[in-house]
Amino acid sequence: MTERARADERAGVWSGSWVAERLGVELAGDDTLPALLGLALRRNPKRAHLLVSNVLGKHVPQSPSVVHGHGVTLGRRVRDLLGAEAAERAVVLGYAETATGLGHSVADGLGTAPYLHSTRRPVAGAARAGGFEESHSHATSHLLLPEDPALLAGDGPLVLVDDEFSTGNTVLNTVRALHERYPRKRYVVVSLVDMRSPADAGRLEDFAREIGARVDLVTAASGTVRLPDDVLQKGQELVARYEALAAGPAGESRGAGKPGLAQSSRDGVTGADATAPGPDRAGASAPAPGTVARVDLHWPAGVPDGGRHGFTPAHRERLEAALPGMAGRIAEALPTDARRVLVLGFEELMYAPLRLARELQHTVDADVRYSTTTRSPVLAVDDPGYAIRTRLVFPAHDDPADGPGERYAYNVAGAGFDAVVAVVDSAADTPALHAPDGLLARLAAHSPHVLLAVVPSYLPQAPHASHAPERPPMLPEPLRGPDFSSYAPDEVGWLLQDLSDVTLEAPTEEREEAIQSGGAHYAESLPVEYQPSEQYQELFHAALQTSAARLARAVGAVTEIVLTERSPRPVLVSLARAGTPVGILMRRWAQYRHGRDLPHYAVSIVRGRGIDANALRWLADRHDPADVVFVDGWTGKGAITRELAAALSDFESTDGVTGFDPEIAVLADPGSCVRTYGTRDDFLIPSACLNSTVSGLISRTVLRADLVGPHDFHGAKFYRELAGADLSTAFLDAVTARFPDVADTVDAQVKDLLSADRSPTWEGWAAVERISEEYGIHDVNLVKPGVGETTRVMLRRVPWKVLARAGAGADLDHVRLLADQRGVPVEEVADLPYTCVGLIHPKYTRGATGADGKAVAL
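What counts and what doesn't
- Residues numbered from 1 in each chain as written.
- Predicted model: local features only at pLDDT ≥ 70, side-chain atom pairs only at ≥ 80, totals over all residues.
- Heavy atoms only, no water.
- Helix = DSSP H or I, 4+ residues; strand = E, 2+ residues; numbered from the N terminus.
- Buried < 20%, exposed > 50% of the residue type's maximum accessible area, 1.4 Å probe, protein only.
- Contact = heavy atoms within 4.5 Å.
- Areas by Shrake-Rupley, 256 points an atom, 1.4 Å probe, with all protein chains shown as cover.
- Salt bridge = Lys/Arg side-chain N within 4 Å of Asp/Glu carboxyl O.
- Expected span 1.5 Å × (residues − 1).
- Pairing = 2+ DSSP bridges.
- Axes fitted to C-alpha atoms, helices over the stretch in contact; angles between N-to-C directions.
- Parallel < 35°, antiparallel > 145°, perpendicular 65-115°, else oblique.
- Left-handed = near helix turned anticlockwise from the far one by under 90°.
- Arc of directions from axis to C-beta.
- Core = buried A, V, L, I, M, F, W, Y, C linked by side-chain atoms within 4.5 Å.
- Phe/Tyr/Trp six-rings, centres within 6.5 Å; stacked < 30°, edge-to-face > 60°.
- pLDDT = per-residue confidence, 0-100.

What follows is about the overall build of the chain. Each helix and strand counted, the chain has 25 helices and 32 strands in total. A total of 858 residues make up the chain; the buried ones form 60% of that total. Across the chain, the fraction of contacts at a sequence separation of at least 24, relative to all contacts at a separation of at least 6, is 76%. Total accessible area on the chain stands at roughly 32,200 Å², and carbon and sulfur atoms take up 51% of it.

Structure representation (structure tokens):
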């Protein structure tokens, strides 16, 4: 912020007026809001505007006593709200990266509360106690990594602190996840500003009633941001226009000579009135870069650098005692004539620099300000009505888990700081920090004196025996319709966690490239749900009408075999999601023919990762494992059959639980992989034609480390918005209606099957291996045999071609239609053991194959 900018502040120019005028954004609410907030433009496709806090110490340098004071005041209000006894048992949880220091300050105001903040930095050996997504953020995944597993396990109030409460989604998702594992009676949400829309305002009370707990809200101010309908498009256009104007020849000041424009680049140039020297810049008239020196803080041993792994009242007491000495060392290293000093923190490391800055305020005769670097990409515009006047850009310097990228320091360039004290943790004291384009060099281009203070990164220790053990994980009861799935609640219980509010879908082409490159597992994201054309829906209904009796016979046969051979009281456990409709139909057959009400659950199994062990634990706790019958729709090459057998063997070794039978019961076994089946014909099972709209509106299951913890069920989404296209119950009812017609045929079929040799031949696996080699694929995972698996390839993956048995008839009508829509060749093959085989593109990249996903020849 320049001298002119500070004059603008004194003149009373609101730092949100520039955005408000150009985008039609309106800030309405308490009279204090303009003093607390300005506006800027995000370089983010999810939100156009950014609320820029003037008192948080993130984007706008501010007096550290003001920053700390706002948090402490909020903490004292929470203490008054809770009362002394409840406040003594409270735990404070802050959100990374922006609110880590604010949450710490709130804990200071409470007085005796331990503090933890979420983090985007995974730490080897640190046990994960939870995680969540922040859907609007530029970097969404948060981890909870407390050193002491008992920190979150108490039953005292949990105080959640964020800088702004905009929609409430992030906080509500966090509370929901933690309440399932660590239920408690009271939560307090703390924020500097409450900016919820009227539509979001009532959700907090509804949510509290839903979980049966009290949820209070404490804020410094409240209001709303009114946005025109086209704000996102206009914001993106405005950012693009200003960034294009800012672009200049390499080595020149981008934005120089363009009034009202400030934009930085990798060469360090940061604003219309801020110049940065670059190496070998001919004729450059910029001032020489400043000096860079280290200052040893003598940080107290054993005191954490922040709340990433927990910060206790005992830690706070030791830090308070050490602060005067550390501030004194910084003061001794500063030039004696320094009149304006910035203490610059580092991303999540906000509290330690804040407290150092506040103590330095009392130690030196200078104007001390505080702010931190950030991941958040924001456009800089040097205008008195805009909150982000200048921007420094530099590479990440802490080896982040999500890879290299740009980082930013706002309103530092041109702000007239005589000295900048950069405070980082030791994990970030890397060559990248000291590189010619690194943070220290960027700072030295705009301040004559730069000091580097390094706080040792705290590494969590293994819990001591004296620590309180983590509360035994209490796995939740199964999810049921209509809250989760469109199936009736008695039809199936889902041993899953609801991830409906998390954005998991990725374009098919992106998923395929990531999966084949080894950059991601298929279970870490979801394909965009295929919405069938009217022609395709007609084909589904025609196929269902044609095959309903055939399906009913297979359902009856496999159910009777299970009741005869497996258990007189079976517990049906479907492998979600293809197995779920089959499990429901088997349950219905048992009711229709025998008056039996069989328990039925759906669990997740993931190729390469195994079955959900927590679901097995839940089942073993409530049922005899010997009664459990795993159910799936059909077999292809038998990969899931093998996966289940291996996973159950591992589970027996780790948990000591025996009795689970790895034999899967399937409707159709064209791959000859199991003994318990209704038929071995490879025919069209209509439920394979669609995705969630024939599976209770449930997605395929998800297993991702930041979403599924060691005591969580795997996840899935409930696509409530697709209710108008849901055919799940229609499919079940159409097949159930044919039960009376096929009862006698089923009896004869079961008699034949019980007397036949049903030993698996693994004929399908042999065919897949042969096809993989003959077609030069050399990866059996890219060969998907059978009508059901081929359909999945066409709906979810990038298909290369379809192999069809010569003479295959109506069972392939839908496959031919999908192939025509995606430009995929269908090749007829003699002596194919399956009706068809789908081949995934074996060398897929978006460049080689085309962004539309259509196949090309190798």
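Moving on from the coordinates now.
Enumeration according to the criterion identifies 41 salt bridges in this entry. A salt bridge links R226 to E26; the nearest nitrogen and oxygen atoms lie 3.2 Å apart. With R226 in strand β10 (residues 214-226) and E26 in strand β1 (residues 26-29), the pair connects residues that are 200 residues apart, well separated along the chain. Put simply, D425 and R121 hold a salt bridge, and the shortest N to O gap is 2.9 Å. With D425 in strand β16 (residues 419-425) and R121 in the loop between β5 (115-117) and β6 (130-133), this residue pair connects regions lying 304 residues apart in the sequence. Given the relative accessible area of 1%, D425 is considered buried. Overall, R121 belongs to the buried group, its relative accessible area being 16%. Here the residues in one salt-bridge network are D108, R316, E320 and R355, joined through shared partners.

Attention now goes to helix α17 (residues 579-594). The terminal C-alpha atoms of α17, which comprises 16 residues, lie 22 Å apart, in line with the 22 Å expected from a rise of 1.5 Å per residue. Within α17, burial applies to G579, T580, P581, V582, G583, I584, L585, M586, R587, R588, W589 and A590. Trailing α17 by a residue or two, G595 shows a phi angle of about 65°, which is positive.

Moving on, we get to the sheet that holds β5. Pairing is mixed in the open sheet, where six strands are placed in the order β1-β10-β9-β8-β4-β5. Two strands bound the open sheet, and with one partner strand each, they are β1 and β5. This sheet shows a mean twist of 25° between the axes of neighbouring strands, independent of strand direction. Bridge count between β1 and β10: four bridges; the pairing is antiparallel. Directly across from A28, in β10, lies its bridge partner T224. Helix α7 (residues 169-181) contacts β4 (91-94), β8 (158-165) and β9 (186-194) of the sheet and is inclined by roughly 160° relative to β8.

With that out of the way, let us pick up the packing of helix α11 (residues 313-333) against helix α12 (residues 351-361). Where α11 meets α12, the axes come as close as 9 Å, and the angle between the chain directions of the two elements is 70°. One way to sum up the angle between α11 and α12 is to call them roughly perpendicular. The two elements α11 and α12 cross, and the hand of that crossing is right-handed. Across the interface between the two elements, L319, E320, L323, P324, M326, A327, I330 and A331 from α11 touch Y351, R355, L356, E359 and L360 from α12.

Because each turn of an α-helix spans 3.6 residues, side chains separated by three or four positions end up pointing in the same direction. Over its 19 residues, helix α4 (residues 64-82) extends 27 Å from the first C-alpha to the last, a length consistent with the 27 Å expected when each residue adds 1.5 Å. Among the residues of α4, those classed as buried are P64, V67, H68, G71, V72, L74, G75, V78 and L82. In a view along the axis of α4, the buried residues occupy a sector of 155°, so they form one face of it. Looking one or two places after α4, you find G83, whose phi comes out positive at around 90°.

L41, V159, V190, Y386, V421 and L443 are the most contacted members of the largest nonpolar core, which has 134 residues in total. Once residues lying within four places of it in the same chain are set aside, the contact partners of V190 are L74, V78, V106, V159, L160, V161, D162 and V218. Residues V562, V573, A576 and F713 belong to the second largest nonpolar core, which totals 104 residues.

The next subject is the sheet that holds strand β17 (residues 449-455). The five strands are arranged β11-β17-β16-β12-β13 in an open sheet whose pairing can be described as parallel. The open sheet is flanked by β11 (291-294) and β13 (367-373), the only strands paired with a single partner. Adjacent strand axes in the sheet meet at a mean angle of 20° when their direction is disregarded. One ladder, built from seven bridges, connects strand β12 (residues 340-346) with β13; its direction is parallel. In the sheet register, R340 faces β13, and the bridge partner there is D367.

On to the packing of aromatic side chains, then. Scanning all chains against the criterion turns up twelve aromatic pairs. On the basis of an interplanar angle of 80° and a centroid distance of 6.0 Å, the ring pair of F484 and W494 is categorised as edge-to-face. Remark: W494 occurs in strand β18 (residues 493-494) and F484 occurs in the loop between β17 and β18; sequence separation between them is ten residues. Judged by relative accessible area, which is 0%, W494 ranks as buried. Summarising the aromatic geometry, the rings of Y487 and W494 are spaced 6.4 Å apart at their centres and angled 10° between planes, so their arrangement reads as stacked. This pair shows no difference in class: Y487 is buried, exactly as W494 is. Of the aromatic side chains, those joined through ring pairs into one cluster are F484, Y487, W494 and F718.

What follows concerns the environment of V92. Along the chain, the position of V92 falls in strand β4. What makes V92 buried here is its relative accessible area of 0%. Measuring from C-alpha to C-alpha, the distance between V92 and L116 comes to 6.3 Å, with 24 residues separating the pair along the chain. Every residue in contact with V92, bar those within four places of it in the chain, is listed here: G103, A107, L110, A113, P114, Y115, L116, V159 and V161.

Our focus in this paragraph is the confidence of the model for the chain. Looking at the chain as a whole, the pLDDT averages 83, with 85% of positions reaching at least 70. Element-level pLDDT for the chain is lowest in helix α25 (residues 846-849), with a mean of 39, against a maximum mean of 98 in β13. For residues 133-140, every residue scores under 50 in pLDDT, and the model assigns this stretch 32 contacts once sequence neighbours within four places are set aside. Overall, residues 463-472 carries pLDDT values under 50, and its contacts beyond four positions in sequence, including any with other chains, amount to 16 contacts.

On to unusual backbone geometry. Of the consecutive residues A96 and E97, the connecting peptide bond is found in the cis state with omega at -5°. Counting through the fold element by element, E97 comes out in the loop between β4 and α6 (100-110). With phi around 60°, N411 is a residue other than glycine that occupies positive phi space. Judged by relative accessible area, N411 falls into the buried class, the value being 0%. For L697, which is not a glycine, the phi torsion comes out positive at approximately 65°. Counting through the fold element by element, L697 comes out in the loop between β27 (676-679) and β28 (715-716).

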